Amino acid sequence: MRMSIPNVKKYLLAAALCCLLGTSIGVNAAHAEGSGSYNYSFWNDTTPAPAAYEATSLLNGAQLGVGPFKNPSDIHVTADKEIYVLDSGNNRIVVLDEHFKPVKVVDSFDYKGKKDTFNNPQGIFVTDRKELFIADTGNKRVVHLDSNLRVAGVLEAPKSDLLQANFDFQPVRVVVDTAQRIYVMSTGVFDGFMEFNPDGAFTSFIGANRVTVDPVELFWKRMSTQAQRSQMVMFTPTEFTNLDMDDEGFIYATSGDYSNNPIKKLNAQGNDILRRTGYLSLVGDIRYSKDVGPSRLIDIDVTDSEMYSVLDSKRGRIFTYSGDGHLMYIFGGLGNQMGQFNTPAAIERVGDDFLVLDKAFGEITVFQTTAYGRMLNEAVRSYYRGDEEKAFDLYQQAINMNANLEFAYSGVGKALLRKGDYKGAMQYFKESYDQVNYSKAYLLYRKQVMREYFPAVMTGLIVLAAALLFFKKLRKRMRRQGGVTIES
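First things first, this report covers the structure right here in the doc. (Residues numbered from 1 in each chain as written. Predicted model: local features only at pLDDT ≥ 70, side-chain atom pairs only at ≥ 80, totals over all residues. Heavy atoms only, no water.)

Remarks on the sheet that holds strand 23 (residues 317-321)
The strands that make up a sheet pair up through hydrogen bonds in the backbone, lying either parallel or antiparallel. Taken together, the four strands give an open sheet; going across it, the order is 21-22-23-24, and neighbouring strands pair in antiparallel fashion. Lying at the two open borders of the sheet, with one neighbouring strand each, are strand 21 (297-302) and strand 24 (327-332). Going across the sheet, the axis of each strand differs from the next one's by a mean of 20 degrees, ignoring polarity. As paired strands, strand 23 and strand 24 are joined by five bridges and run antiparallel to one another. Note that in strand 24 the partner of R317 across the bridge is G332. (Pairing = 2+ DSSP bridges. Helix = DSSP H or I, 4+ residues; strand = E, 2+ residues; numbered from the N terminus. Axes fitted to C-alpha atoms, helices over the stretch in contact; angles between N-to-C directions.)

Structure representation (structure tokens):
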């Protein structure tokens, strides 16, 4: 059977379109897997973007004069910019000043009249009073050292009806709020973070992830026998991968479940109150190839003005979001070049600079802002402080540098909204596809128009009604005087 010439053309055209679409999708996924600077559009397409950060230096223990780092796992920066590096493989804490000069090394402490040491510690937190909390994982405890590095307390495996009899306490991360409540992330715990009161007593779990259930798997599980169900995968919540605490005492946390809000902001009751008003899901990379898979977020850092950054171990990328949930910029990657990593383990900020800890290389990469990055950071801060004029100017400059940055249009719209320019705000919200704020601006603009023109319109209507009434009475009088009656 032969195919006619027109049909052949149709098939060739269809094949060409399929190839073109496939190439486009492949390019977008490859762009997300690559190392160039990019962002995402409203339609989830990768778009080129100026670099917000650039790597400026690479530090290791030998260069710092403290000996090589071995499998460092965590890093913490205090308000006065002291840097605490948890050198896990060497069972020590290296303290640096803001210029990366060694201040001290903590590798032992006196406990119960004897010299004690750490055993593969995995997490560290330093309070404003310079008290240290170390998740001493290998020793199955959390060590609390005061500002003079004396033991102020030790949290060991708690006893509680909320815990199983065979519970194995293996703390890997720890944070402390201003009320001295201690929150511990322990390996194998699916009920959330463990909360301890200031006296070190375990009180409760907080912020457990919800269970994600596959409906098909649930159906077969209900249809199976008890013996068969015992062989199936249990429906259990995913573990958290890390946590951080902001100045107001809210816990920001990451988990490995890409499909179930891997970034959360928890209040004192453990409820997720993170704002997600941006046009993208807060999951790291939106597009990815099947062989690598979605992002796995393993650390989070919260800074001022509700901005926060997360670290993706799959691609070594850092994603920074505003408090409203807009993706601001992306940088980093895996590789052997400056600004890339082998096994990224933790991120922290020193002012606006980023520190990224590489566990395998035992190095700290320092990233500094570009003009574009500084502009975006300051734009978000200005809007957060209520400085609409400055926010407006900075967002306009950001748009001039990156016309693809749709959230900047929304930022301009919000600044105009606060200034009372509702019509102008509507135009920018339309550019950013921000339907929620567009509707808000439209309602306010409609009220503004009504307030502006309502007196004139009502006056005109009243005058018109009075004129019609006067004319009607005048016509009736004229008819009576003429002796003519006209039936209406």
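Some thoughts on the side chain of N39
Assignment of secondary structure puts N39 in strand 1 (residues 38-40). Classification of N39 by relative accessible area gives buried; the value is 3%. Of note is the side chain of N39, whose polar atom sits 3.5 Å from the backbone oxygen of L327. (Buried < 20%, exposed > 50% of the residue type's maximum accessible area, 1.4 Å probe, protein only. Polar contact = N/O pair within 3.5 Å; in protein donor to acceptor, adjacent residues only side chain to side chain.)

Topic: the pairing of strand 16 (residues 193-196)
On strand 16, burial covers both faces: F193 and E195 on one face and M194 and F196 on the other are all buried. Here strand 15 (residues 182-186) runs beside strand 16; their pairing, made up of three bridges, is antiparallel. Of the residues in strand 16, the one forming a bridge with I182 is F196. Linking strand 15 to strand 16, which pair antiparallel, is a turn of six residues; within it G188 sits at a positive phi near 80 degrees. Sheet topology places strand 16 next to strand 17 (residues 202-206); four bridges connect them, and they run antiparallel. Counterpart to M194 in the pairing with strand 17 is F205.

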